[in-house]
Amino acid sequence: METTIRPESAADAVEIRALLLAAFGGTEEATLVEQLRRRSAAWSLVATQAEVVVGAITFSPVRGRPHRDGLRAVGLAPMAVRPDVQRRGIGSALVRAGIEECRRRGAGLIVVLGHPGYYPRFGFASAAAIGLRCRWSADPNARDTDQADSFMYLEVIAGHARLAGDFVEYAPEFDLF
Ligand SMILES: CC(C)(COP(=O)(O)OP(=O)(O)OC[C@H]1O[C@@H](n2cnc3c(N)ncnc32)[C@H](O)[C@@H]1OP(=O)(O)O)[C@@H](O)C(=O)NCCC(=O)NCCS
């Protein structure tokens, strides 16, 4: 079936909530997306099939520490595809369209906390390898490599990652995690 990727519209909110509940099996991600939509400069794309929402991806601004002027960075989170249509390329189409939209909006850096087996195919690389951490990767007890490498970055503008300092702070809405 043909998949369309487009910006979310107000009418998608109920379907996106149902999608996030089904994909994550809990309410946190759905609550997060609703709070981001209300309070931050966040934006989302949806994937639809026959005008039904089957996937969604959200981006929100992140800050770097120590602060450096000129950083334009966003976090990719959350992203989900409806369980019955996973592994058919919908997630990949959302990530690729999301990266393009970030470029169009002038973002220089994208970070993501996710499966280290998934995001490198889009150009993401281990943030730990360049000394960049976030709250969820900074746990000194988290010594297994998979967890260490689950925080990843992609430079939309070459060289932009150095403006993030050594620590990335997500929007306060992420404090619920
Ligand atoms: C992760 C997710 C968005 C991928 O969407 P998708 O449409 O299935 O992705 P694609 O079809 O483009 O790519 C499929 C590939 O994703 C990878 N993948 C999917 N889920 C994965 C997981 N839990 N762990 C590791 N890799 C995974 C696999 O490599 C798979 O490739 P394969 O079919 O060759 O094995 C979807 O599986 C999902 O909604 N999962 C539940 C919510 C979630 O974990 N979100 C991500 C938070 S970072």
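For the structure itself, look to the data block above.
Residues numbered from 1 in each chain as written. Predicted model: local features only at pLDDT ≥ 70, side-chain atom pairs only at ≥ 80, totals over all residues. Heavy atoms only, no water.

Draft legend 1. Local environment of helix H1 (residues 13-24). With 12 residues, H1 should reach 16 Å at 1.5 Å per residue; the first-to-last C-alpha distance of 16 Å fits that figure. Listed as buried for H1 are Ile16, Leu19 and Leu20. End-on, the buried residues of H1 take up no more than an arc of 95°, which puts them together on one face. At the exit of H1 stands Gly25, carrying a positive phi of roughly 70°. (Helix = DSSP H or I, 4+ residues; strand = E, 2+ residues; numbered from the N terminus. Expected span 1.5 Å × (residues − 1). Buried < 20%, exposed > 50% of the residue type's maximum accessible area, 1.4 Å probe, protein only. Arc of directions from axis to C-beta.)

Draft legend 2. Structural detail: the nonpolar core. If you look at the biggest cluster of nonpolar residues, it comprises 26 residues, and the most contacted ones within it are Leu76, Val95, Ile110, Tyr119 and Phe124. When residues of this core are traced back to their parent elements, those giving at least two are strand S2 (43-49), strand S3 (52-65), strand S4 (73-81), helix H3 (90-105), strand S5 (109-113) and strand S8 (151-155). Ranked by residues supplied to this core, first place goes to H3 with five residues. With residues up to four places along the chain from it excluded, the contact list for Val95 reads Ile57, Met79, Tyr118, Tyr119, Phe122 and Phe124. (Core = buried A, V, L, I, M, F, W, Y, C linked by side-chain atoms within 4.5 Å. Contact = heavy atoms within 4.5 Å.)

Draft legend 3. Spatial organisation of the site of the ligand. Around the ligand, a shell composed of 18 residues is seen, among which Val81, Arg87, Gly89, Gly91 and Ser92 lie nearest. In the model, an oxygen atom of the ligand is placed 2.7 Å from a nitrogen or oxygen of the Arg87 main chain. Arg121 has a polar side-chain atom sitting 2.9 Å from an oxygen atom of the ligand. Against a free-state accessible area of 880 Å², the protein chains account for coverage of 71% of the ligand. Looking at the shell around the ligand, the elements that each hand over two or more residues are H1, S4 and H3. Of the residues assigned to the shell around the ligand, the class counts are nine nonpolar, six polar and three charged. (Near = heavy atom within 4 Å. Polar contact = N/O pair within 3.5 Å; in protein donor to acceptor, adjacent residues only side chain to side chain. Areas by Shrake-Rupley, 256 points an atom, 1.4 Å probe, with all protein chains shown as cover. Nonpolar A, V, L, I, M, F, W, Y, C, P; charged D, E, K, R; others polar.)

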